[in-house]
Amino acid sequence: MAREGIVGSALLGRTGAGNRAGAGIGRGLRRAAGDVGSGNVPRSVDDAAKWLKPHLHDHPLLGEVKERAAVRKSLDQWLDTVAESVAHGGPSTTAALRAIDSTLNGKNPIWAAIKGLVSGLSRTVKVALVLLILLGLVLGPILLVLALLALLVAGLAIAVRAATR
C-alpha cells in the first residue's frame with residue numbers, strides 16, 4: 001500500500017495503515033468540512049443553495065456580479081441591434097462594414113467602401129450610376145475645353161482693358 005500524507009489520511013478518514021483504500025471517505029470529508037465550518041455539511045445542491053443564500057445576500061461581490069450581468073445583458077442587446085442593422089441595413093451600412101473589414105485586414109478602405117456601397121444599391125440605381133459616369137466621361141472633355149476657352153476669353157478681356165488705360 002502506498003504511503004499517504006497526514007492530510008490525505010485525515011480527509012479519507014483513516015486512522016491507521018490497515019484501512020482499506022477509500023474506506024471512510026464520506027466520513028472523513030464531513031469531518032474535514034466540519035472543522036472549517038459549523039459542522040453541518042449540505043447533503044444536496046438545494047441544501048447548499050439554502051445555506052448560501054443568507055450568507056451571500058449582503059456580500060460586496062454580489063453587487064459586482066449583478067453589475068457585470070447588467071453590462072453583459074446590455075452588450076448582448078447592442079450586438080443584436082448591430083446584427084439586425086447589418087442584416088437589414090442599406091448601402092451605407094454595407095459600405096461602412098466593408099471599409100472597417102478592409103482596414104482591419106490592411107487593405108484600402110476607400111475602395112472597399114465604394115464596392116460595399118455599389119453592392120448595396122438596387123439594380124435601377126446601379127444603371128443610373130453607370131449612365132451618370134458615362135455621361136461624365138463623354139461631357140468631361142467638352143466641359144474642359146469650354147472652361148479653358150472661358151479662361152482664354154477672360155485673359156484677353158483683362159489684357160484689352162489694361163492696354164486701353
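## A look at the overall build of the chain
Thought 1: Along the chain, the regular secondary structure elements total seven helices and zero strands.
Thought 2: Helices (α) and strands (β) of the chain occur, in sequence order from the N terminus, as α-α-α-α-α-α-α.
Thought 3: Per-residue burial for the chain yields a buried fraction of 7% across its 165 residues.
Thought 4: Once local pairs closer than 6 in sequence are excluded, the contacts in the chain between residues at least 24 apart make up 11%.
Thought 5: Carbon and sulfur atoms make up 67% of the accessible area of the chain, which totals about 13,800 Å².

## Digging into the side chain of Ser102
Thought 1: Residue position: Ser102 is located in helix α5 (residues 91-104).
Thought 2: Looking at Ser102, its side chain comes within polar contact range of the main-chain oxygen of Ala99, at 3.0 Å.

## Section: the packing of α5 against helix α6 (residues 109-119)
Thought 1: Here α5 crosses α6 at 150°, and the two axes come no closer than 7 Å. Comparing the axis directions of α5 and α6 gives the class roughly antiparallel. For α5 against α6, the interelement crossing comes out right-handed. From α5, Pro91, Ser92, Thr94, Ala95, Arg98, Ala99, Ser102 and Thr103 reach across to α6, where they touch Pro109, Ala112, Ala113, Lys115, Gly116, Leu117 and Ser119.
Thought 2: For the contact of α5 with α6, the per-class residue count stands at seven nonpolar, six polar and two charged.

## Examining the confidence of the model for the chain
Thought 1: Residues of the chain with pLDDT of at least 70 account for 72%, and the chain-wide mean is 75.
Thought 2: Predicted confidence is poor over residues 1-37, with pLDDT under 50, and the contacts of this stretch with residues over four places away or in other chains come to 31 contacts.

Thresholds applied
Counting starts from 1 at the beginning of each chain's written sequence and moves along it residue by residue. Only residues with pLDDT of at least 70 are given local features in this predicted model, and only at 80 or more are side-chain atom pairs given and counted; all residues enter the totals for whole chains, interfaces and linings. Processing note: side-chain calculations cover all non-hydrogen atoms of the structure and skip hydrogens and water entirely. Labels follow the DSSP assignment, with helices taken as runs of H or I lasting at least four residues and strands as runs of E lasting at least two, numbered in each case from the N terminus. Relative accessibility under 20% of the residue-type maximum defines a buried residue, over 50% an exposed one, and the middle range a partly exposed one, all with a 1.4 Å probe and only protein chains included. Two residues form a contact once any of their heavy atoms are found within 4.5 Å. The method behind every accessible area is Shrake-Rupley, applied with a 1.4 Å probe, and residues are considered shielded solely by the protein chains displayed. Throughout this description, a polar contact denotes any pair of N or O atoms lying within 3.5 Å of each other; where both atoms belong to protein, one of them has to be capable of donating a hydrogen while the other can accept it, and for residues adjacent in sequence the pair is counted only when both atoms sit in side chains. Axis definition: a line fitted to C-alpha atoms, limited for helices to the stretch in contact. Angles are taken between N-to-C directions and run from 0 to 180 degrees. Reported orientations rely on four angle classes, namely roughly parallel under 35 degrees, roughly antiparallel over 145, roughly perpendicular from 65 to 115, and oblique for the rest. Helix crossings fall into two classes, left-handed where the near helix is turned counterclockwise from the far one by less than a right angle and right-handed where it is turned clockwise. By the convention adopted, Pro, Cys, Tyr, Trp, Phe, Met, Ile, Leu, Val and Ala count as nonpolar, Lys, Arg, Asp and Glu as charged, and the other residues, Gly among them, as polar. On a range of 0 to 100, pLDDT expresses the predictor's confidence in each residue.

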